[in-house]
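Here is how the chains run, residue by residue.
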Amino acid sequence: IHGLPASWYEWRGILPALAERYRIIAPDLRGLGDSSKPSGGYDTHTAAEDIQLVRSMGIDRVYVAGHDWGAAVGFAYAARYRQEVLRLAILDMTIPGFGAEEGFRVTRQSGPWHTIFHMVPDVPEALTTGRERQYLSIFYGGLYGTGDNPAAIDKEEVDEYVRVYTKP
């Protein structure tokens, strides 16, 4: 399950190797990438319910890997459907209740600026529409450490994320 600001596309480099041993499902999270954009349901529990698409595919046991926001969704999924999740991999996210969250508390009053920014209805769209490439470049240019490694994300990747993040 991908993170933010990304889509399923963040996994494309590793998918072929994983597909040699596993059936791979890499959905876009609700409202991100090429998914639908419903007016609500952007909490982790509702997003976890979206992952139940695996049942409609006849799959009843899964390995789940989540990055960033996708890790929080993956955790919510695993907590709700413990018997179905064989293993859970969490990348780049602290999960509340394990002692590490004190340095990364996310509320409407504190937390990473972009998390709070995206919680305000209509403001992110008003401020980023038409400037998506510049906005995303803030993330790709250093927030996740890619500023030290310009090859970590190439123009093709940025173009794809700009494509999906410029959609309404």
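Residues numbered from 1 in each chain as written. Predicted model: local features only at pLDDT ≥ 70, side-chain atom pairs only at ≥ 80, totals over all residues. Heavy atoms only, no water.

Draft legend 1. Spatial organisation of the overall build of the protein chain. Secondary structure assignment for the protein chain yields eight helices and two strands. Secondary structure elements of the protein chain occur, N-terminal to C-terminal, as α-α-α-β-α-β-α-α-α-α. Taken across its 168 residues, the protein chain has 35% of its residues classed as buried. With an accessible surface of roughly 10200 Å², the protein chain has 56% of that area assigned to carbon and sulfur atoms. (Helix = DSSP H or I, 4+ residues; strand = E, 2+ residues; numbered from the N terminus. Buried < 20%, exposed > 50% of the residue type's maximum accessible area, 1.4 Å probe, protein only. Areas by Shrake-Rupley, 256 points an atom, 1.4 Å probe, with all protein chains shown as cover.)

Draft legend 2. Just the pattern of salt bridges, in detail. If you walk through the whole model with that rule in mind, you get nine salt bridges. Two residues, Arg55 and Glu84, come together in a salt bridge whose shortest N-O distance is 1.9 Å. Of this pair, Arg55 sits in helix 3 (residues 53-56) while Glu84 sits in the loop between helix 4 (69-80) and strand 2 (85-91), placing them 29 residues apart in sequence. For Arg55, a relative accessible area of 46% translates into the label partly exposed. In this structure, Asp159 and Lys155 form a salt bridge, with 2.7 Å as the shortest nitrogen-oxygen distance. Note that Asp159 and Lys155 are positioned in helix 8 (residues 155-165) at a spacing of four residues, about one turn of the helix. Overall, Lys155 belongs to the exposed group, its relative accessible area being 60%. One salt-bridge network, in which partners are shared between bridges, spans Asp34, Glu160, Arg163 and Lys167. (Salt bridge = Lys/Arg side-chain N within 4 Å of Asp/Glu carboxyl O.)

Draft legend 3. Quick peek at the packing of aromatic side chains. The tally for this structure, following the rule as stated, stands at six aromatic pairs. When the centroid spacing of 5.5 Å and the interplanar angle of 70° are considered together, the rings of Tyr22 and Tyr63 count as edge-to-face. Of this pair, Tyr22 sits in the loop between helix 1 (15-19) and helix 2 (44-50) while Tyr63 sits in strand 1 (residues 62-67), placing them 41 residues apart in sequence. (Phe/Tyr/Trp six-rings, centres within 6.5 Å; stacked < 30°, edge-to-face > 60°.)

Draft legend 4. Quick peek at unusual backbone geometry. Along the chain, Leu4 connects to Pro5 via a cis peptide bond; the corresponding omega equals 0°. Looking at the secondary structure, you find Pro5 in the segment before helix 1. Positioned with a positive phi, Asp92 is a non-glycine residue whose angle comes to about 60°. Its relative accessible area of 60% is what places Asp92 among the exposed residues. Positioned with a positive phi, Asp122 is a non-glycine residue whose angle comes to about 70°. The topology assignment puts Asp122 in the loop between helix 5 (113-119) and helix 6 (123-128).

Draft legend 5. Focus on the side chain of Thr44. Position of Thr44 among the secondary structure elements: in helix 2. What makes Thr44 buried here is its relative accessible area of 17%. Setting aside its immediate chain neighbours within four residues, Thr44 contacts Trp69, Ala72, Val73 and Ala76. (Contact = heavy atoms within 4.5 Å.)

Draft legend 6. View of a nonpolar patch on the surface. Residues Ile14, Leu18, Tyr22, Ile24 and Tyr63 make up a contiguous nonpolar surface patch of roughly 440 Å² in combined accessible area. Inspection of the secondary structure puts Ile24 in the loop between helix 1 and helix 2. (Patch = residues over 30% accessible without salt bridge, like charges linked within 9 Å, V, L, I, M, F, W, Y side chains within 5 Å.)

Draft legend 7. Inspection of the layout of surface pockets at higher detail. Estimated volume of the second largest pocket: approximately 720 Å³. Looking at the lining of the second largest pocket residue by residue, the class counts come to 23 nonpolar, one polar and three charged. (1 Å grid on protein atoms, 1.4 Å probe; cavity = no way out; pocket = protein on both sides within 12 Å on 5 of 7 lines; lining within 4 Å. Points joined across faces, edges and corners; volume = space filled by probe spheres on them. Nonpolar A, V, L, I, M, F, W, Y, C, P; charged D, E, K, R; others polar.)

Geometric descriptors of this kind do not, in isolation, establish any biological role.
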